[in-house]
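Coordinate analysis (summary)
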Amino acid sequence: MSVAPKASKPTWPTPPEGGWTADDLERLPNLPPHTELIDGSLVFVSPQTLFHSRAVSFFEWQLQSVAPDEVQVVRELTIDIDRQNRPEPDVVVVRTDAVENAKQTRFPANAVVLAIEVVSEESISRDRETKPFKYARAKIPHYWRVENENDRAVVHVFELEPTTGTYTSTGIFRERMKTDVPFTIELDLSAIKPRRCG
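Residues numbered from 1 in each chain as written. Predicted model: local features only at pLDDT ≥ 70, side-chain atom pairs only at ≥ 80, totals over all residues. Heavy atoms only, no water.

1. Points about the pattern of salt bridges
The tally for this structure, following the rule as stated, stands at 20 salt bridges. When the shortest N-O distance is used, the salt bridge between E26 and R106 registers 3.6 Å. Placement of the pair is E26 in helix α1 (residues 24-27) and R106 in strand β6 (residues 106-108), with a sequence separation of 80 residues. Owing to a relative accessible area of 43%, E26 belongs among the partly exposed residues under this scheme. The partner of R106 in a salt bridge is D80, with the nearest N and O atoms 2.8 Å apart. (Salt bridge = Lys/Arg side-chain N within 4 Å of Asp/Glu carboxyl O. Helix = DSSP H or I, 4+ residues; strand = E, 2+ residues; numbered from the N terminus. Buried < 20%, exposed > 50% of the residue type's maximum accessible area, 1.4 Å probe, protein only.)

Written out as structure tokens, the structure reads:
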């Protein structure tokens, strides 16, 4: 007579009633890197593509090189929107007075000037629908969505419309991008395209 195997305990954290909170991300052990909190649920990010990695690095360094002293550019830190939402944009521009120390892992939403999301296959609906809605509700003035179109970066630029509290499109950029907000920026988007050997 064989003995039925014992059921193993789940290794994933079991959410509390009402869902996780923004502070739980600091306390939960062994979370995968870049775990986000959306509507009280933990969102685990899948491995990223070369395009995604290059685009994130490009925007981080290009924006930092021209950013005025009043703001700083950081990558992959979370934003406290409310108790149940702590998303992690790929790149954020934050007010310098919100930078506390080198161990900081998050910023209050009211310190964020610009949130940038580089769209991945698994993040399409979050980056096109869920996150822009939440960023607008948190009054983040600028949102950029970067898409991969045949290995070329396309940047969709949005600005918060104060009367409606929603984002309005202010441009779609391919190859070159020039804007005066949140500060003067001119970018050669073709630099994001991966270079092939041979």
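Continuing now.
2. Quick word on the nonpolar core
Membership of the largest hydrophobic core comes to 27 residues, with the highest contact counts inside it found for F59, L63, W144, V155 and L189. The set of elements that each furnish at least two residues to this core consists of α2 (50-66), β3 (71-75), β5 (91-95), β7 (112-118), β8 (142-149), β9 (152-161) and β12 (185-188). The element that contributes the greatest number of residues to this core is α2, accounting for six residues. Membership of the second largest hydrophobic core comes to 20 residues, among which are I79, V92, A115 and I140. (Core = buried A, V, L, I, M, F, W, Y, C linked by side-chain atoms within 4.5 Å.)

3. Concerning the sheet that holds β3
With mixed pairing, the six strands of this open sheet are ordered in space as β3-β5-β7-β8-β9-β10. The strands lining the two open edges of the sheet, one partner per strand, are β3 and β10 (166-174). When the angles between neighbouring strand axes are averaged without regard to direction, this sheet yields 20 degrees. Lying over the sheet, α2 contacts β3, β5, β7, β8 and β9, oriented at roughly 165 degrees with respect to β3. (Pairing = 2+ DSSP bridges. Axes fitted to C-alpha atoms, helices over the stretch in contact; angles between N-to-C directions. Contact = heavy atoms within 4.5 Å.)

4. A look at the environment of T168
With respect to the element layout, T168 can be found in strand β10. Judged by its relative accessible area of 37%, T168 falls in the partly exposed class. Note: C-alpha distance between T168 and P132 (36 residues apart in sequence) is 11 Å. Aside from chain neighbours lying at most four places away, what touches T168 is V157, F158, E159 and E161.

This is a description of form; function is not addressed.
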